[in-house]
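Overview (structure and organization)
Next come the chains, spelled out residue by residue.
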Amino acid sequence: HGIELNSNWLIGMQKNRDPSSFRDPSGYIFFERGEIFRAINQSYAKNYDLLMNCGLYDDLVKKGMLVSHKEVKSNDTYKTIQPELIKVISYPYEWSFEQLKDVALCLLEIQKISMNFGMTLKDATPFNFQFISNAPILIDTLSFETYTEGQLWKPYQQFCETILSPLLLAKHVDPKLLSTMSVFKEGIPLKITSKMLPFKTKFMLSTALNIHAHARSQKKYAKKDTKIGKKLSKNSIIGIIDNLESLVKGISISNEKTIWSEYYEETNYTDDSFQQKQSIIRKCLKKIKPSVVLDLGSNTGIFAEIAQEFTEHVIACDNDHGVINKLYNKCKKEKSSILPLVLDITNPSPNIGWMNNERSGFFKRVNTDVVFALAIIHHISISNNIPFEKIAEFFASITTNLIIEFVPKSDSQIQKMLLTREDIFNKYTQENFEKEMLEYFSIQEIFKIDDSKRIIYYFKRL
């Protein structure tokens with residue numbers, strides 16, 4: 001209390017609305033002067049008052065499961081609140097298997113707690129969650145409504161399609177299917193999940209009920225003008241939640257080795273040269289004093305951990321689901337603020353949704369002042385046929401400070417890459433690399449790594 005929005009702010013509300021916040025009739029998000037606010041409409045007044053007065057809000061905030069907020073004075077809506085600001089926003093199709101699983105368990109726990117206070121969740125989408133120190137937290141304060149005895153758990157289907165389906169497909173088919181959530185942003189239809197899951201899952205009771213039988217019931221009732229289901233007691237709903245919780249807890253994926261999971265054990269760095277590389281990164285960061293560091297091609301996160309010595313906002317990205325899953329488990333255990341995300345930098349998360357504006361693309365949404373591009377330039381250029389001029393243009397569009405490692409063609413890693421393909425990369429030279437980068441950047445420092453022909457550049461954007 002005590003903060004008042006002036007009339008100019010109120011006039012600007014409509015213009016500064018968050019483009020992803022228009023579907024909910026209960027309220028909307030807007031921004032002013034770099035700060036985030038949520039307007040609460042009169043239609044949600046009773047539910048908001050119950051949330052704040054029954055003790056549920058205080059309980060969930062205390063447990064770190066719901067984002068905190070403060071109320072600010074406003075005249076054109078029922079209430080205006082200022083939620084705690086989440087510095088880095090990520091979306092479910094950028095999460096690892098364990099991240100989505102933790103969100104699922106957090107959501108189900110919130111539902112059980114809510115019912116003890118006479119409330120229930122009205123939706124169950126993972127888009128309502130973010131991560132703080134690798135713990136999931138609900139960011140939609142308007143997700144709650146008054147529980148009425150006998151009502152169904154309304155978001156059951158949504159939970160099955162947006163969370164349960166991706167988890168089961170990741171387990172039984174391939175973790176890469178988690179990325180399809182960018183296509184099925186309203187959830188993977190159960191009929192598709194049912195067809196893709198192996199036949200044996202039809203004999204697994206919880207999966208059979210929540211996916212296969214659920215998909216058949218959707219098909220059945222789609223042809224009838226009738227209401228699905230019947231009234232349920234509170235204990236019945238709690239039983240459903242407990243069943244879903246047991247199912248989710250039992251879903252796991254093997255920690256099998258991938259092509260990149262043992263990268264640092266197979267690299268051609270000597271111990272001394274690898275230590276030198278780490279010292280170089282520390283030297284650059286000490287000079288830059290970064291706010292947000294983005295480590296592209298982070299692998300197991302060794303250099304992301306170094307960045308954490310200089311700032312609490314570090315994003316570690318890799319396109320290998322296995323290494324990001326492993327890194328997330330490590331960061332969660334250590335309560336690290338590093339945020340691991342799955343990202344293919346040659347095909348990053350795009351703008352999607354209504355008018356391609358509802359969910360921002362990764363590089364539009366994530367603002368950083370330092371980017372690491374260590375030991376990935378050859379993968380971008382040679383594996384993906386991206387020329388240096390395009391690579392330079394890309395990095396200039398996303399950062400002010402770039403710490404990038406040039407790997408010469410004589411390097412053993414590149415020689416392995418060229419064993420199975422024709423060497424058509426005549427322009428892959430250090431001279432051409434520098435020429436293209438200098439169109440957008442100035443060289444601050446160049447570091448040659450001992451016992452290696454690799455070179456690290458610290459570039460600053462012009």
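Residues numbered from 1 in each chain as written. Predicted model: local features only at pLDDT ≥ 70, side-chain atom pairs only at ≥ 80, totals over all residues. Heavy atoms only, no water.

**Quick word on the side chain of Thr-80**
Mapped onto the fold, Thr-80 is located in strand S4 (residues 79-83). We classify Thr-80 as buried; its relative accessible area is 1%. (Helix = DSSP H or I, 4+ residues; strand = E, 2+ residues; numbered from the N terminus. Buried < 20%, exposed > 50% of the residue type's maximum accessible area, 1.4 Å probe, protein only.)

**A word on the pairing of strand S15 (residues 455-461)**
Within S15, five of the seven residues are buried, which leaves the element mostly enclosed by the surrounding structure. With six bridges connecting them, strand S13 (residues 401-406) and S15 associate as antiparallel partners. Following the sheet pairing, Phe-406 is matched in S15 by Ile-455. With seven bridges connecting them, strand S14 (residues 441-448) and S15 associate as antiparallel partners. Along S15, the bridge assignment pairs Phe-441 with Arg-461. Between S14 and the antiparallel strand that follows it, S15, lie six residues; Asp-451 among them carries a positive phi value of about 60 degrees. (Pairing = 2+ DSSP bridges.)

**Some remarks on helix H4 (residues 97-116)**
Taking 1.5 Å as the rise per residue, H4 with 20 residues should run 28 Å; its terminal C-alpha atoms sit 30 Å apart, in good agreement. Buried residues dominate H4, accounting for 18 of its 20 residues. (Expected span 1.5 Å × (residues − 1).)

**Some points on the packing of aromatic side chains**
Aromatic ring pairs are defined here through the distance separating the ring centres and the angle between the ring planes. Applying the stated criterion across every chain yields a total of 22 aromatic pairs. Between Phe-388 and Phe-433, the ring centres sit 5.4 Å apart and the planes meet at 70 degrees, which makes this aromatic pair edge-to-face. One end of the pair, Phe-388, is in helix H15 (residues 388-398); the other, Phe-433, is in helix H17 (residues 430-437), with 45 residues separating them in the sequence. Neither residue differs from the other here; Phe-388 and Phe-433 are each classed as buried. Ring pairs connect the aromatic residues Phe-388, Phe-406, Tyr-428, Phe-433, Phe-441, Tyr-457 and Phe-459, which therefore count as one cluster. The residue whose ring lies beneath Lys-79 is Tyr-78, and the NZ or CZ to ring-centre distance is 5.6 Å. (Phe/Tyr/Trp six-rings, centres within 6.5 Å; stacked < 30°, edge-to-face > 60°. Lys NZ or Arg CZ within 6 Å of the ring centre and 35° of its normal.)

**Notes on the packing of H4 against helix H8 (residues 234-250)**
The relative placement of two packed helices is expressed as an angle between their axes plus a distance between the axes. Where H4 contacts H8, the two axes come as close as 10 Å, and the packing angle between them is 160 degrees. In terms of their interaxial angle, H4 and H8 are classed as roughly antiparallel. Where H4 crosses over H8, the two elements pack in a sense that is left-handed. Along the contact surface, H4 presents Lys-101, Ala-104, Leu-105, Leu-108, Glu-109, Gln-111, Lys-112, Met-115 and Asn-116, while H8 presents Lys-234, Ile-237, Ile-238, Ile-241, Asp-242, Leu-244, Glu-245, Val-248 and Lys-249. (Axes fitted to C-alpha atoms, helices over the stretch in contact; angles between N-to-C directions. Parallel < 35°, antiparallel > 145°, perpendicular 65-115°, else oblique. Left-handed = near helix turned anticlockwise from the far one by under 90°. Contact = heavy atoms within 4.5 Å.)

**Examining the sheet that holds strand S3 (residues 69-72)**
Strand order in this open sheet of four strands is S1-S2-S4-S3, and the pairing throughout is antiparallel. Here the strands that pair on one side only, and so sit at the sheet edges, are strand S1 (27-32) and S3. Adjacent strand axes in the sheet meet at a mean angle of 30 degrees, parallel and antiparallel pairs treated alike. Across the sheet, helix H2 (residues 45-53) touches strand S2 (35-40), S3 and S4, and the angle it forms with S3 is around 130 degrees.

**A few points about the sheet that holds S15**
Pairing within the open sheet is mixed, and its seven strands lie in the order S11-S10-S9-S12-S13-S15-S14. Of all the strands in the sheet, the pair left with one neighbour each is strand S11 (339-342) and S14. Mean inter-strand twist for the sheet, computed between neighbouring axes without regard to direction, equals 20 degrees. Of the strand pairs in this sheet, strand S9 (residues 292-296) and strand S10 (residues 313-318) are connected by five bridges, and their pairing is parallel.

**Remarks on the pairing of S10**
The buried fraction of S10 is high, at five of six residues. Between S9 and its parallel partner S10, the chain crosses via helix H11 (residues 302-307), and the hand of that crossover is right-handed. With four bridges connecting them, S10 and S11 associate as parallel partners. Looking across to S11, one finds that Ile-315 is bridged to Leu-339. (Right-handed = clockwise from strand over helix to strand, strands pointing away.)

**What about the packing of H4 against helix H12 (residues 321-334)?**
Running from N to C, H4 and H12 point in directions that differ by 50 degrees, and their axes come no closer than 7 Å. Between H4 and H12, the crossing angle belongs to the class labelled oblique. For the pair formed by H4 and H12, the contact residues are Phe-97, Glu-98, Gln-99 and Asp-102 on the first element and Asn-325, Tyr-328, Asn-329 and Lys-332 on the second. A breakdown of the residues in the contact of H4 with H12 according to their chemical character gives two nonpolar, three polar and three charged. (Nonpolar A, V, L, I, M, F, W, Y, C, P; charged D, E, K, R; others polar.)

**Description of the pattern of salt bridges**
Once their charged atoms are close, side chains differing in charge can pair, the charge on each being opposite to the other. For the structure on display, the rule yields 23 salt bridges. Lys-185 is the salt-bridge partner of Glu-186, the closest N and O atoms lying 2.7 Å from each other. Glu-358 serves as the salt-bridge partner of Lys-185, at 3.8 Å between the closest nitrogen and oxygen. With Lys-185 in the loop between helix H5 (156-172) and helix H6 (190-196) and Glu-358 in the loop between S11 and helix H13 (362-365), this pair connects stretches of sequence that are 173 residues apart. Here the residues in one salt-bridge network are Arg-23, Lys-185, Glu-186 and Glu-358, joined through shared partners. (Salt bridge = Lys/Arg side-chain N within 4 Å of Asp/Glu carboxyl O.)

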